[in-house]
Amino acid sequence: MFWSTFNKLRLSPDLLRPYTGCLYGFADNQVEVRDYLELRTTFTDGTASRTENIRYLVVNANSAYNILLGRPTLNRLNAVASTRHMKMKLPDLSGEVIVIKSDQEEARKCYDNSLKTKRGVFMVFERPPSADTAMEVEPLNEAMPTESTPGEVTPVRATPEADTHTEESHDDTSPEEEATPGKHYRAKPLKEDSRDQPAANVVERQIGGKTFKLGCLLSQEEQDEVAEVISRHLDAFAWSA
């Protein structure tokens, strides 16, 4: 039972009993639970009726619906619901069949209202650089002490890492611009056009009648192993929308 329904029924909060469990939605988001209560609920179609005590978990969530009956309650009532026919049937205590009907217009209205409560607008103003963004190092234009004196803190010096990408990106760097002791450095992202393009380092290969691009830095044996794995899982790829 949703909290809005609880308020519309004007039920007393004294009817609520403590609930210590947790309830999660379809997207693993936790739903706020406002304890539970038991109510005598009557099912009727105008000719036959049945009244049962049903325990409702009261949740604080936006929904176009009033109450959702769970499978334990439906099984206890011997109820059978058909979404195709938009009906629910259950027996009364005398054996008569109670038929609860709905209509397509009301169901569409509930569905549209539920979509309105889930719509939201998200705006991204700035994206910070990711951890794997290639960085180059330049010295700060500020004087830094070369010797530490009592009461002072020696600044940490940054030196470029000896990796292949950094060496290739700084072939035109003069010796005077290289990292030297006594200087303080800061990092900034490399220009987008100065990075290697991955498309130039691939080789096309036919696997299962489909064209794949493998890294040319892989050995022939490694390419064969990758091709074998891909061929075993061709059905896992989406070839069209």
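See the structure printed just above.
These numbers were taken from a predicted model, which means no experiment stands behind them. (Residues numbered from 1 in each chain as written. Predicted model: local features only at pLDDT ≥ 70, side-chain atom pairs only at ≥ 80, totals over all residues. Heavy atoms only, no water.)

Draft legend 1. Representation of a nonpolar patch on the surface within the structure. Among the surface-exposed residues, Tyr65, Leu68 and Tyr111 lie close enough to one another that they form a single nonpolar patch of about 320 Å² accessible area. Tracing the backbone shows Leu68 in the loop between β3 (49-60) and α2 (71-76). (Patch = residues over 30% accessible without salt bridge, like charges linked within 9 Å, V, L, I, M, F, W, Y side chains within 5 Å. Areas by Shrake-Rupley, 256 points an atom, 1.4 Å probe, with all protein chains shown as cover. Salt bridge = Lys/Arg side-chain N within 4 Å of Asp/Glu carboxyl O. Helix = DSSP H or I, 4+ residues; strand = E, 2+ residues; numbered from the N terminus.)

Draft legend 2. Seen up close, the side chain of Thr41. Following the sequence through the fold, Thr41 ends up in strand β2 (residues 30-44). In this structure Thr41 comes out as buried when scored by relative accessible area, which is 16%. (Buried < 20%, exposed > 50% of the residue type's maximum accessible area, 1.4 Å probe, protein only.)

Draft legend 3. Focus on the packing of aromatic side chains. Evaluation of the coordinates by the stated rule reveals two aromatic pairs. On the numbers, 5.0 Å between centres and 10° between planes, the contact of Trp3 with Phe6 is stacked. Remark: Phe6 and Trp3 occur in helix α1 (residues 3-8); sequence separation between them is three residues, near one turn of the helix. Given a relative accessible area of 2%, Phe6 falls into the buried group. Here Phe212 and Phe237 contribute two aromatic rings whose centre-to-centre distance is 5.4 Å and whose plane-to-plane angle is 70°, an arrangement assigned as edge-to-face. Separated by 25 residues along the polypeptide, Phe212 in strand β10 (residues 210-215) and Phe237 in the segment after α5 (220-232) bring together distant segments of the chain. Look at Phe212 and you get buried, because its relative accessible area is 11%. (Phe/Tyr/Trp six-rings, centres within 6.5 Å; stacked < 30°, edge-to-face > 60°.)

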